[in-house]
Amino acid sequence: MTTRDKRTEDARKRLLSTLPVTERRLQLAGVSTALLEGGDGPPIVLLHGPGESAFWWMRIIPDLVTTHHVLVL
């Protein structure tokens, strides 16, 4: 892992540590895919657009997990 990759990974971990979700990885059609999951209630799935990431959902996840079971791929 390069120094840049290490810094990126450290930043990702710090960001996720502030969210009320757990992270796990799934193999979907042979592709390693990150899943963030948290909350109780009716399920809601958040998907990002092509070339984007779950980063775009970070501001609304804390509110959604208070009323929904949130799944972010």
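Above this text sits the structure in question.
Residues numbered from 1 in each chain as written. Predicted model: local features only at pLDDT ≥ 70, side-chain atom pairs only at ≥ 80, totals over all residues. Heavy atoms only, no water.

**Overview of the nonpolar core**
Phase 1: Listed in full, the 12 residues of the largest apolar core are Leu16, Leu19, Val21, Leu36, Leu46, Ala54, Met58, Ile61, Leu64, Val65, Val70 and Val72.
Phase 2: Broken down by secondary-structure element, the contributors of at least two residues to this core are helix H2 (61-64) and strand S4 (69-72).
Phase 3: Aside from chain neighbours lying at most four places away, what touches isoleucine 61 is Leu19, Val21, Leu46 and Val72. (Core = buried A, V, L, I, M, F, W, Y, C linked by side-chain atoms within 4.5 Å. Buried < 20%, exposed > 50% of the residue type's maximum accessible area, 1.4 Å probe, protein only. Helix = DSSP H or I, 4+ residues; strand = E, 2+ residues; numbered from the N terminus. Contact = heavy atoms within 4.5 Å.)

**Structural notes on the side chain of threonine 33**
Phase 1: Structurally, threonine 33 is set in strand S2 (residues 31-38).
Phase 2: Only 3.2 Å separates the side chain of threonine 33 from the backbone oxygen of valine 31, close enough to count as a polar contact. (Polar contact = N/O pair within 3.5 Å; in protein donor to acceptor, adjacent residues only side chain to side chain.)

**Observations regarding the environment of proline 62**
Phase 1: Following the sequence through the fold, proline 62 ends up in helix H2.
Phase 2: Accessibility expressed as a relative area gives 31% for proline 62, which makes it partly exposed.
Phase 3: Expressed as a C-alpha distance, the spacing of proline 62 and proline 20, which sit 42 residues apart in the sequence, is 6.3 Å.
Phase 4: Every residue in contact with proline 62, bar those within four places of it in the chain, is listed here: Leu19 and Pro20.

**Notes on the layout of surface pockets**
A water-sized probe rolled over the atoms picks out the places where empty space is left.
Phase 1: The volume enclosed by the largest pocket comes to roughly 300 Å³.
Phase 2: Arg12, Ser53, Ala54, Phe55 and Met58 are the residues nearest the centre of the largest pocket, which is lined by 15 residues in total.
Phase 3: Among the elements of the structure, helix H1 (3-17), strand S1 (22-28) and S2 are those that each provide at least two residues to the lining of the largest pocket.
Phase 4: With 3 residues, the single largest contributor to the lining of the largest pocket is H1. (1 Å grid on protein atoms, 1.4 Å probe; cavity = no way out; pocket = protein on both sides within 12 Å on 5 of 7 lines; lining within 4 Å. Points joined across faces, edges and corners; volume = space filled by probe spheres on them.)

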